[in-house]
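Architecture at a glance
The residues making up each chain are set out below.
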Amino acid sequence: MSSLTEAIATAEVGGSRSVRFPLVRDFLRRPLGVVAGAFLVIVVSAVALAPVISPYDPLAQDLARSLETPTGDHLLGTDRLGRDILSRLLWGGQISLIGLVEALAVAFIVGIVLGLLAGYLGRFIDLAVSRVTEIVMAIPGVVVLLMVYSLTDNNAHAGMITLGFLSVPTILRVTRAAARSVRGENFIAASRVSGMAGFRIMVRHVLPNIWGPIIVNTAVLAAVILGVQGGLNYLNLGVTPPDPSWGGMVADAQKSLALQPWLIIPSGLLITLTIMSLALVADAVRDTLSAKRSRSGRRLLVAPTVVAAEPTLPVDTEAVLSVRSLSIAFSGVEVVRNVDFDVAAGSTLGIVGESGCGKTVTASAVLGALGPTATVTGQVVFEGLDLNAATRRQRAAVRGTGISYISQDPMVALDPSFTVANQLGELIGRHDGTRGRNRRARLIELLTLVGLPNPEDVAKRFPHQLSGGMAQRVAIACALAGRPRILVADEPTTALDVTIQGDILGLLRRLQEETGMAIILITHDLGVVADLCTSVAVMYAGEVVESADVATLFAEPAHPYTRALLASNPIVAEPGTVLRSIPGTVPSPADWPVGCHFFDRCPVRVDGCAAGPIPLVAVLNREEHEARCIRADEIVVAAERKSA
Amino acid sequence: MIKNFVWRVLGSLVLLVVVPTVTFFLQAIAPVNIARSVLGLNASEETVAAFNKRLGLDQPLVVRYVDWLTHAIHGDLGVSYTNLQPVQNIIGPRLSVSLSLIVGALLVFTLVGVLLGVLSATGGKVVGSIVDAVSTVGLAVPSFVLAVLLIAAFALQFPIFPATGYVAPTVNTGRWASSLVLPVIALAFAGVTAVAKQTRDQMMTSIASPYARTLRANGASEFSLIYKHALRNASGPVVTVLGIIFVGALSGSVVVEGIFVLPGLGSQALQSALQHDLPVIQGIALYFTIIVVIVNVLIDVATTILNPKVRRS
């Protein structure tokens, strides 16, 4: 038991070492955040040193020199009573910063303690804390503050502590959310099993994991508090003139605005820049902690970079779709390499492999759904048109009518805000240009076609009112709206109940017979392949490692990876043999070996396999069967001998 | 759905009890002698005693609370300590001023915020960067600084709008609108950026979602993806944020009314706070709470209409 705790502790220390310092380095790479941070350090130091560096007494009047713009004597000018602006800013900052610390300390301590209790212990405490939080957030805080100032004879500390209490929900909510998510993680469960007391778990494991979001929100909260405090001081709440305060100086400036507009600049700018710096530091920390998000949505709709390349193989003119030398890279890292395949009209191609082999990315390239971060080379030729070289308009014209798509999880494939009739109707209108009764008729026809027994009723429903199987049928209807030549189906049955899976596969087979469309089926399930496909491409670590018609592939698998997949599938494997999982995992694209990508996991590897790239070659000189293995022929012959 | 809704309204009504109770019992921690601070330090013991007796300040706090509550339920909010006028007579006429300001700000931050958010989410890189920059500045400039800058620019430098003051719409509608322009902008500015940010984030989430991917792959137009699907899915979360910003704007209205010398609830609350006129602050706290509750209910209604899951279940 103690060794487990130790292991966790070691993992923790190791983890924090390898993670935290790069984070600091990442932060320092963000110029805006660094400048803002430096500005804050300067402001805080200057204010703290006010008694030392302030050139004048902040209350000393010099009526002979009132309302001056900056001079050598008064670096930031003077106010109506001839008081030095710079000195007043420095001394006034002390009120602001002390108040800020008071309010933050209250919000921080109360927020974190209650947040941890609510998030970690859950249940009753969580419910109570949440209710109280909701109420506090709905209180217009200013009336409470006014009451407090009125009752304490304008006491600055009482006001800021009250503001701290009113701000508790901000910190509490972040802490609670973070504690809840950490709570579910394995190492916390392990600590609990190993007998650590609840409170110690929170302090030792939960807190170090939630500091990131808390820092971000504390900085944001500090910005808000400074703004509110400035407003209160402007109204002479929490400060007694002639004592200087930043907000009060803005009020002074307003009184002399017509005579000397300059006055608003020092105080107004200082408050604004301080608040902005806090916000920018928060932004920089947030961006450092999470991968930076794309700034514009439209860019998600922008096509990827396409690099023209000569195809290595001639395009199959018989095929409805020919993919040649397709390679895809994200920020310089290749994730799919040199993929070739053809899809004949009315046929079904299965693209098979484990997660992370590049199946879905390949399908996205065919659909033209890769974002601008991708670099694509090679050709995707649909009915004679290379989609990679096509214009935006040509590409758009193919979507839905030439090539359409159904996704893995039908429950998120439909827009939750619109009825089935609305979204399917939109697609019909776009493809057929029909409206009203004609569109309605086609809608019902499509819903009937996908085997929904009560199309009128289904049409009226919202996606959340459909079962998984119904939703997938509706999604298929959406994909059929444009009468496509090819349907790309990405794991169409994975998210469904086993009993429904067969129904959906049967539906796809029937639709294919009725409409003559081709299907590209992405799957990891060889049982599904056997059920539906005419030909198969097996992908491993970004490459096609074997391709053949479905009968050949199951009868004479030539690549060790294909054989391993078959051996691990309960439906396809021979009864009586032991099911074997494939040891190891798919290497990530950055770690691909120079030679065979399957080398590390291969049971029949030899030294030659690692030497260099392995070409895709015909197995036993048959034209329709190719494998990316130097021992392919050997493997097939040996297998035949064994079964004979 | 109806049941759910009724529960939420009841939940909001809890505020109506909580806020006055909290503000009332804050008096328990007060070191201030009300009578002395209202009457002045020179008042005789007899005057102080008479004042306390007349206003019931000689009673224990709990008794005064129960008394206040029973009267408040009947619409009687007590009398002002300073001029002995009924509280509702003091704050009643000021409600319309505050409502003009707050509703104006609500309209501005909703309309402008959503517009900027859509532009930022869908426009090119340049538009996005501009909106980002404006948002950063918008969140950083506090309303009171912005207010003074607006006065400097649009009342003094270019005398387009009045610097301070308020004209009732019944007196002159044009001058009423004109007197509200600068205060509304000052109050709404921070809200605009918050609404814009939320709109943009929600729309971008929607554009990157699996359903958008599927719709697009099956032929839906980009126009529809952005202006129909993304905008519609952003609406629910945006409305929720509107509620939070509104509560903040209500607090902000006190400062803005102070700056522009608008005779609303906020400036009265401020004046009463400085005079220790607790019944008036208490009454204004109640009015503010009623406004919050009404807005919460409206937002609940809007969310319910916008979210098909809540609506149909």
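Criteria and thresholds
- Residues numbered from 1 in each chain as written.
- Chains lettered and ligands numbered in written order.
- Predicted model: local features only at pLDDT ≥ 70, side-chain atom pairs only at ≥ 80, totals over all residues.
- Helix = DSSP H or I, 4+ residues; strand = E, 2+ residues; numbered from the N terminus.
- Contact = placed C-beta atoms within 7 Å.
- Buried ≥ 20, exposed ≤ 12 C-beta atoms within 10 Å, placed from the backbone.
- Expected span 1.5 Å × (residues − 1).
- Nonpolar A, V, L, I, M, F, W, Y, C, P; charged D, E, K, R; others polar.
- Core = buried A, V, L, I, M, F, W, Y, C linked by C-beta atoms within 7 Å.
- Axes fitted to C-alpha atoms, helices over the stretch in contact; angles between N-to-C directions.
- Left-handed = near helix turned anticlockwise from the far one by under 90°.
- Pairing = 2+ DSSP bridges.
- pLDDT = per-residue confidence, 0-100.
- Parallel < 35°, antiparallel > 145°, perpendicular 65-115°, else oblique.

Turning our attention to the overall build of chain B. The helix and strand inventory of chain B stands at 14 helices and zero strands. Listing the helices and strands of chain B from first to last along the sequence gives α-α-α-α-α-α-α-α-α-α-α-α-α-α. Summarising its shape, the C-alpha atoms of chain B cover approximately 85 × 55 × 35 Å along the three principal directions. Put simply, 74% of the contacts in chain B that link residues at least 6 apart link residues at least 24 apart.

Along chain A, the regular secondary structure elements total 22 helices and 13 strands. Relative to its full complement of 644 residues, chain A shows a buried share of 47%. Taking the intrachain contacts of chain A between residues at least 6 apart in sequence as the baseline, contacts between residues at least 24 apart amount to 65%.

Below, the discussion takes up helix α14 (residues 420-432) of chain A. Taking 1.5 Å per residue, 13 residues should reach 18 Å; α14(A) reaches 17 Å between its end C-alpha atoms and fits that length. Of all the residues in α14(A), the buried ones are A:Val420, A:Ala421, A:Gln423, A:Leu424, A:Gly425, A:Glu426, A:Leu427, A:Ile428 and A:His431. In this fold, the buried residues of α14(A) make contact with α15 (436-449), α16 (455-460) and α17 (468-480) of chain A together with α10 (210-217) and α11 (222-260) of chain B. Count one or two residues on from α14(A) and you reach A:Gly433, which has phi positive near 70 degrees.

If you look at the interface, chain A gives 69 residues, while chain B gives 72 residues. Within the residue set of the side of chain A that touches chain B, elements represented by two or more residues are α5 (123-138), α6 (141-151), α9 (198-234), α10 (246-255), α11 (264-289), β7 (403-406), α14 and α17 of chain A. Here the side of chain A that touches chain B takes 10 residues from α6(A), the largest share from any one element. Here the side of chain A that touches chain B is composed, by residue class, of 39 nonpolar, 22 polar and eight charged.

Here we take up the nonpolar core. Membership of the largest hydrophobic core comes to 270 residues, with the highest contact counts inside it found for A:Leu424, A:Val474, A:Ile520 and B:Val148. Here B:Val148 is in contact with A:Val250, A:Ala253, A:Gln254, A:Leu257, A:Ile264 and A:Gly268, once residues within four sequence places are set aside.

With that out of the way, let us pick up the packing of helix α6 (residues 95-122) of chain B against α11(B). Residues and elements named next belong to chain B. Viewed as axis vectors pointing N to C, α6 and α11 meet at an angle of 145 degrees, and their least axial separation amounts to 8 Å. Between α6 and α11 the crossing geometry is right-handed. Residues Ser 98, Leu 101, Ile 102, Ala 105, Leu 106, Phe 109, Thr 110, Val 114, Val 118 and Thr 122 of α6 touch α11, and the partners they reach there are Ile 226, Leu 231, Val 238, Leu 242, Ile 245, Phe 246, Ala 249, Leu 250, Ser 253, Val 256 and Glu 257. When grouped by side-chain class, the residues that make up the contact of α6 with α11 number 16 nonpolar, four polar and one charged.

It is worth spelling out the sheet that holds strand β12 (residues 617-618) of chain A at this point. The pairing of strands in a sheet happens through backbone hydrogen bonds and is either parallel or antiparallel. The sheet built from eight strands is open, its strands ordered β7-β8-β9-β4-β10-β11-β13-β12 (chain A) with mixed pairing. If you trace the sheet from one side to the other, it starts and ends with β7 and β12 of chain A, each paired once.

All names here are of chain A. On average, residues of chain A score 85 in pLDDT, and 88% of them are at 70 or above. Counted against residues more than four places away or in other chains, residues 1-20, with its pLDDT under 50, gives nine contacts. Confidence drops under pLDDT 50 across residues 291-298; counting only partners more than four residues distant or on other chains, this segment forms 16 contacts.

All names here are of chain A. Burial of strand β9 (residues 518-523) is extensive: six of the six residues sit out of reach of the surface. Across the two faces of β9 the burial is the same, with Ala 518, Ile 520 and Ile 522 and Ile 519, Leu 521 and Thr 523 all buried. Examined bridge by bridge, strand β4 (residues 348-352) and β9 share five bridges and lie parallel to one another. If you follow Leu 349 over to β9, its bridge partner there is Ile 520.

Now for the environment of A:Thr552. Residue and element names in this part refer to chain A. Along the chain, the position of Thr 552 falls in helix α20 (residues 550-555). Since 19 C-beta atoms lie within 10 Å of it, Thr 552 is described here as partly exposed. Along the primary structure Thr 552 and Val 536 are separated by 16 residues, whereas in three dimensions their C-alpha atoms are 9.6 Å apart.

Here the focus is the packing of α11(B) against helix α12 (residues 265-274) of chain B. Residue and element names in this part refer to chain B. Where α11 contacts α12, the two axes come as close as 7 Å, and the packing angle between them is 85 degrees. By the angle class used here, α11 and α12 are roughly perpendicular. Across the interface between the two elements, Ser 253, Val 254, Glu 257 and Gly 258 of α11 pack against Gly 266, Ser 267, Ala 269 and Leu 270 of α12. For the contact of α11 with α12, the residue count by class is three nonpolar, four polar and one charged.

Residues and elements named next belong to chain B. Here chain B shows a mean pLDDT of 87. Residues at 70 or above account for 96%. The spread of mean pLDDT over the elements of chain B runs between helix α14 (residues 308-312), the lowest at 65, and helix α8 (residues 143-157), the highest at 93. Predicted complex, confidence summary: ipTM 0.89, pTM 0.81.

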